[in-house]
Amino acid sequence: LIARRRRTSCYFYPRAWPSVRSADWWERVVLKEFGPQDWLEKFRMSKETFFYVCNQLRPGLAPHSAHFHPTLPLEKRVAVALWHLATNVEYQTLSPLFGVGPSTVQTCVREVSYAVVLLLKPLYLRLPNEKELENMVRIFRTRWGFPHCIGALDSLHIPIHPPLRLSADYCNGQGWHSILTQATVDGLGQFWDVSTAFPGSMENSAVLESSSLWVLAKEGRLCPNPPKHFMGKAQKYVLLGDATYPLQDWILKPYQEDENLTQRQLQFNYRLKRAHSVIENAFLRLKARWQILLKCDDCSLELLPTLVLACCILHNICEAHDNPFNEEWLGGPEATERPQPPAAMEDSRAEQVRELMCQYFESCGE
């Protein structure tokens with residue numbers, strides 16, 4: 001009798017979904033009462049962009065997954081994931097709002113992030129074609145005053161809880177644990193190359209040499225073949241980096257600051273730093289929109305690369321769809337150490353390219 005009662009109890013009382021009282025909050029409040037500012041604040045995008053994303057993700061989020069409650073629609077799953085990515089609230093805090101369990105919130109974040117990368121990365125985070133590269137050169141020249149340039153390059157530290165056995169590997173120069181993300185943006189501040197999940201202790205030059213961008217450059221895929229002419233010479237397109245990157249014929253960085261710099265070199269540094277600020281601003285906007293990147297507490301190390309890529313893709317979608325950006329989301333910029341790259345990575349031909357740029361700026365003036 002006891003065994004039968006236990007079997008019967010298990011049969012008639014499966015695990016209840018918590019906070020059933022909020023199960024209709026999505027349909028009753030969000031879909032019917034949210035105004036434009038509410039959508040922007042909670043999902044970091046307009047209602048129109050939200051449903052555009054949902055339609056794009058539909059092939060990868062069909063309701064066949066055994067992990068989801070059978071009545072949880074696709075739009076609600078995407079809403080749960082975006083709310084968490086945008087606000088970084090804990091699973092336990094977010095679950096009563098949507099009337100689902102914390103494990104369902106976690107599953108939504110994981111599966112939506114994978115779907116974003118799988119389905120939207122080929123559209124919004126990819127190597128530009130030759131025509132798009134030419135357009136990027138035009139934008140950098142007209143908007144930032146820097147010629148023959150296709151992007152700005154930099155890295156971002158994302159705080160994490162490190163694996164115990166690898167704690168030292170993930171400890172960065174500021175004494176806290178992080179993964180390192182290297183990214184390249186165009187003149188509009190949209191990402192077109194991202195490599196992530198490097199241990200925080202790595203230097204930018206080492207990350208670069210281990211990244212897909214390095215491979216693309218060495219294969220000659222960052223410029224037309226043959227290269228376009230600049231200042232009367234065939235010259236590869238260039239990326240702009242800071243002092244932590246090696247000087248290459250396709251990566252330019254400022255001259256080392258000292259009292260011996262000429263006026264031409266000072267002007268070059270000013271122009272480069274002004275143009276390079278486009279990626280600094282892009283990182284600020286990325287972290288402000290998707291505040292999960294400020295501190296990844298609930299995320300496993302295995303999911304982090306996918307989550308970071310998903311945030312970069314969603315950032316591009318918001319920027320491409322001209323979704324408003326709330327300046328109140330911004331925090332103060334972080335101070336970071338900037339070690340110099342190894343001298344062995346410097347390219348002797350790159351100094352000639354930098355000199356060509358100095359000549360260009362001198363000839364065109366301010």
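Our subject is the structure listed above.
If you're wondering where the values come from, they're calculated on a predicted model, not measured in any experiment.

How each quantity is defined
- Residues numbered from 1 in each chain as written.
- Predicted model: local features only at pLDDT ≥ 70, side-chain atom pairs only at ≥ 80, totals over all residues.
- Heavy atoms only, no water.
- Axes fitted to C-alpha atoms, helices over the stretch in contact; angles between N-to-C directions.
- Helix = DSSP H or I, 4+ residues; strand = E, 2+ residues; numbered from the N terminus.
- Left-handed = near helix turned anticlockwise from the far one by under 90°.
- Contact = heavy atoms within 4.5 Å.
- Nonpolar A, V, L, I, M, F, W, Y, C, P; charged D, E, K, R; others polar.
- Buried < 20%, exposed > 50% of the residue type's maximum accessible area, 1.4 Å probe, protein only.
- Pairing = 2+ DSSP bridges.
- Polar contact = N/O pair within 3.5 Å; in protein donor to acceptor, adjacent residues only side chain to side chain.
- Core = buried A, V, L, I, M, F, W, Y, C linked by side-chain atoms within 4.5 Å.

**Section: the packing of helix H5 (residues 74-87) against helix H6 (residues 91-98)**
The N-to-C vectors of H5 and H6 enclose an angle of 145°; their axes lie 11 Å apart at closest approach. Considering only the axes of H5 and H6, their crossing is right-handed. Contact residues: H5 offers Lys76, Ala79, Val80, Trp83 and His84, while H6 offers Tyr91, Leu94, Leu97 and Phe98. For the contact of H5 with H6, the class distribution of residues is 7 nonpolar, 1 polar and 1 charged.

**A closer look at the pairing of strand E1 (residues 149-159)**
Within E1, 11 of the 11 residues are buried, which leaves the element mostly enclosed by the surrounding structure. Relative to strand E6 (residues 238-240), E1 is paired through 3 bridges, and the arrangement is parallel. If you follow Gly151 over to E6, its bridge partner there is Leu239.

**What to know about the pairing of strand E2 (residues 178-185)**
Across the 8 residues of E2, 8 count as buried, placing the element largely inside the fold. Side-chain alternation along E2 places Ser178, Leu180, Gln182 and Thr184 on one buried face and Ile179, Thr181, Ala183 and Val185 on a second face that is also buried. The pairing of E1 with E2 spans 8 bridges and is classified as antiparallel. Paired with Ser155 across the two strands is Gln182, which belongs to E2.

**Here's the deal with the side chain of Asn204**
With respect to the helices and strands, the residue Asn204 is situated in helix H9 (residues 204-209). At a separation of 2.9 Å, a polar atom in the side chain of Asn204 contacts the side chain of Thr244.

**So, the nonpolar core**
Among the nonpolar cores identified, the biggest contains 89 residues, and Phe43, Phe50, Phe146, Phe191, Leu252 and Trp290 are the most heavily contacted of them. Here this core gets 11 residues from one element, more than from any other, and that element is helix H12 (residues 304-320). Excluding residues within four positions of it along the chain, Leu252 makes contact with Phe146, Val238, Leu239, Leu240, Gly241, Leu247, Phe268, Leu272, Ala350, Val353, Arg354 and Met357.

**Focus on unusual backbone geometry**
For the peptide bond that leads from Asn225 to Pro226, omega is 5°, which places it in the cis range. Mapping Pro226 onto the fold places it in the loop between helix H10 (212-218) and strand E4 (229-230). In the Ramachandran plot, Arg44 falls in the positive-phi region, its phi being about 65° despite a non-glycine side chain. The residue Arg44 is located in the loop between helix H3 (36-43) and helix H4 (47-57) in this model. A positive phi angle is found at Met231, which is not glycine, with a value near 55°. Note that Met231 resides in the loop between E4 and strand E5 (233-234). Relative accessible area serves as the criterion here: at 36%, Met231 is assigned to the partly exposed category.

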